[in-house]
Amino acid sequence: MFRIGFVLLLAAAGVVGVAEMASADTPLGKVFDTERRAIDSQPDDRLASLMTRPDLSVEYSPQWLASQSFKASGSDWRCLAEALYFEARGESVKGQFAVAEVILNRVDSGVYPDDVCAVVHQGTGRKYQCQFTYTCDGHEEVIAEPSAFKRVGKIAYLMVSGAPRPLTKGATHYHTRAVSPRWARRLSHTASIGVHEFYRMPTRLSSN
């Protein structure tokens, strides 16, 4: 899979749909420094290649998505579909694709786990100290809306199959509009989609 991003932040304990940057005992600045060093270590041609995607056309509409076939395709698909269901099933199709972009961008970071399941479940086991609140909020994960899961399952299938990621412009972090986390001031805002604001780490400047 392609590699670009970093990790989502949990802006406030218990806020569903926002992911946490790091455990409580990790200084925020240290995590940012680690991520920046990881970006700076990549050659320019490698960074450019990470922004390319296979030629797979996508339309961000309910009608188009309904016309797509539904295929379950392994653990990455399942974990991404579950994350979209619990994190973004109330979002528009475009908003759900955007959240999927961030998850896969984080998988591609080279800093965090390099498969979807490991990223989604990173930190699970400590209440509200995980990457995605639904995995550590103490509530049972029950898929009670099969039709909603089928929709996000299609999105997950398209994304793990290499669908383009143009919506969030390489975003690796997001938060809901209900909160205004301090960390957002240190990142580059890339998009506003649905109820979420999207961000990425500032990119380095090329030297001559």
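Structure report, in brief. Here the structure is a predicted model, which means the values were calculated and not measured.

1. Here we look at the packing of aromatic side chains
Next up, step 1: One pass over the structure, following the stated rule, counts seven aromatic pairs.
Next up, step 2: Seen from their ring centres, Tyr-60 and Phe-97 are 5.1 Å apart, and the 80° between their planes marks the pair as edge-to-face. Pair noted here: Tyr-60 is in the loop between α2 (44–50) and α3 (62–66) and Phe-97 is in helix α5 (residues 93–107), with a separation of 37 residues, a long-range link.
Next up, step 3: By relative accessible area, Tyr-60 is classed as partly exposed at 27%.
Next up, step 4: A centroid spacing of 6.1 Å and a plane angle of 70° characterise the contact between Tyr-85 and Phe-149, whose relative ring orientation is edge-to-face. Of this pair, Tyr-85 sits in helix α4 (residues 75–88) while Phe-149 sits in helix α7 (residues 146–160), and the two are 64 residues apart along the sequence.

2. Concerning the nonpolar core
Next up, step 1: One finds Leu-80 and Phe-97 to be the most contacted residues of the largest nonpolar core, which totals 41 residues.
Next up, step 2: Of all elements in the fold, only α3, α4, α5, α6 (116–120), α7 and β2 (188–193) reach the threshold of two or more residues within this core.
Next up, step 3: If you look at the next biggest cluster of nonpolar residues, it comprises five residues, including Trp-183, Ala-184, Tyr-199 and Met-201.

3. Observations concerning the sheet that holds strand β3 (residues 196–200)
Whether parallel or antiparallel, the strands of a sheet pair through hydrogen bonds between backbone atoms.
Next up, step 1: The strand order β1-β3-β2 describes an open sheet built from three strands, whose pairing is antiparallel. Since the sheet does not close on itself, it has two edges, and those belong to β1 (173–176) and β2, each with one partner. The mean angle between the axes of side-by-side strands here comes to 25°, regardless of whether they run parallel or antiparallel.
Next up, step 2: Inspection of the sheet shows β2 paired to β3 by five bridges, in the antiparallel sense.

4. Notes on the pattern of salt bridges
Next up, step 1: As enumerated under the stated definition, the model contains four salt bridges in all.
Next up, step 2: The residue Arg-78 makes a salt bridge to Glu-82 at a minimum N-O spacing of 2.8 Å. Residue Arg-78 and its partner Glu-82 are located together in helix α4, separated by four residues, close to a single helical turn.
Next up, step 3: The buried category is assigned to Glu-82, whose relative accessible area is 15%.

5. As for the packing of α4 against α5
Next up, step 1: Two numbers describe how α4 lies on α5: the axes approach to 10 Å, and their chain directions differ by 125°. On the basis of their axis angle, the class for α4 and α5 is oblique. Once α4 is placed against α5, the crossing between them reads as right-handed. The residues of α5 that touch α4, namely those facing Leu-80, Ala-83, Leu-84 and Ala-88, are Gln-96, Val-99, Ala-100, Ile-103 and Leu-104.
Next up, step 2: Looking at the contact of α4 with α5 residue by residue, the class counts come to eight nonpolar, one polar and no charged.

Definitions and limits used
Residues numbered from 1 in each chain as written. Predicted model: local features only at pLDDT ≥ 70, side-chain atom pairs only at ≥ 80, totals over all residues. Heavy atoms only, no water. Phe/Tyr/Trp six-rings, centres within 6.5 Å; stacked < 30°, edge-to-face > 60°. Helix = DSSP H or I, 4+ residues; strand = E, 2+ residues; numbered from the N terminus. Buried < 20%, exposed > 50% of the residue type's maximum accessible area, 1.4 Å probe, protein only. Core = buried A, V, L, I, M, F, W, Y, C linked by side-chain atoms within 4.5 Å. Pairing = 2+ DSSP bridges. Axes fitted to C-alpha atoms, helices over the stretch in contact; angles between N-to-C directions. Salt bridge = Lys/Arg side-chain N within 4 Å of Asp/Glu carboxyl O. Parallel < 35°, antiparallel > 145°, perpendicular 65-115°, else oblique. Left-handed = near helix turned anticlockwise from the far one by under 90°. Contact = heavy atoms within 4.5 Å. Nonpolar A, V, L, I, M, F, W, Y, C, P; charged D, E, K, R; others polar.

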